[in-house]
Amino acid sequence: MDTEHGTPQRLRALSSRLVNQAALAANRIVDQELARAGARRYHYALLAAAEEYGPSSQAGLGRRTGIDRSDMVATVNDLAERRLLERAPDPEDRRRNVITITTAGRRELTRLDRLLAAAQDEFLAPLPAADRRNLIDLLNRLVDHHRGDHG
């Protein structure tokens, strides 16, 4: 057993366990930063997708962000009430809505970008810049592979 960390070596050698433990710490840090700003992860994800992809259907934004349909409705409602997103009927299909980020939404996204950059710095504090870039590359490769984006 590793007496310094109190974790058995077998557990310290399991990449899946280590990724999970790191994710727990990252989520805690990010959630705390967002909570201080009166925001949640879904807010950030939805604003980021709306800004990057332009006007989109709720279903399309849900697929891009991985936000479940029921959570998507609540998140869009919340952000629309705050005037960070606009929801309008799709002129080509009146049964669905088109979601567009507002100017206020872009300002909020910029503010959240700064907060999340600080959270990333806190999470990755023990790693130099090159290791941070390498870690992000490795994690993207794993995520893409297991999502089926490889090949």
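Above this text is the structure in question.
Residues numbered from 1 in each chain as written. Predicted model: local features only at pLDDT ≥ 70, side-chain atom pairs only at ≥ 80, totals over all residues. Heavy atoms only, no water.

### Concerning the pairing of strand β2 (residues 85-90)
Filter applied, for reference: Two strands form a pair only when DSSP identifies at least two bridges running between them. Starting at the N terminus, helices and strands are each numbered in turn, a helix being any DSSP run of H or I of at least four residues and a strand any DSSP run of E of at least two.
Of the pairings in the sheet, the one linking β2 to strand β3 (residues 93-101) comprises 6 bridges and is antiparallel in character. By the bridge assignment for β3, Arg 87 is matched with Ile 99. Between β2 and β3, which pair antiparallel and follow one another directly, the connecting turn spans 2 residues.

### A look at a nonpolar patch on the surface
Note the threshold: Patches here: salt-bridge-free residues with over 30% relative accessible area, like charges joined within 9 Å, nonpolar side chains (Val, Leu, Ile, Met, Phe, Trp, Tyr) joined within 5 Å. In this description, accessible areas are obtained by the Shrake-Rupley approach with a 1.4 Å probe, and a residue is regarded as covered only by the protein chains that are shown. Between Lys or Arg on one side and Asp or Glu on the other, a salt bridge is scored when a side-chain nitrogen of the former is within 4 Å of a carboxyl oxygen of the latter. Only protein chains enter the calculation, and the probe is 1.4 Å; a residue is then buried if its accessible area is under 20% of its type maximum, exposed if over 50%, and partly exposed in between.
On the surface, a nonpolar cluster with roughly 240 Å² of combined accessible area is contributed by Val 19, Leu 139 and Leu 142. As for its placement among the helices and strands, Leu 142 is situated in helix α7 (residues 129-147). A relative accessible area of 45% places Leu 142 in the partly exposed class.

### Re the pattern of salt bridges
A complete count under the given rule lists 11 salt bridges for this structure. Notably, a salt bridge pairs Asp 90 with Arg 96, separated by 2.6 Å at the nearest N-O pair. Salt bridges sharing common partners tie together Arg 40, Asp 78 and Arg 82.

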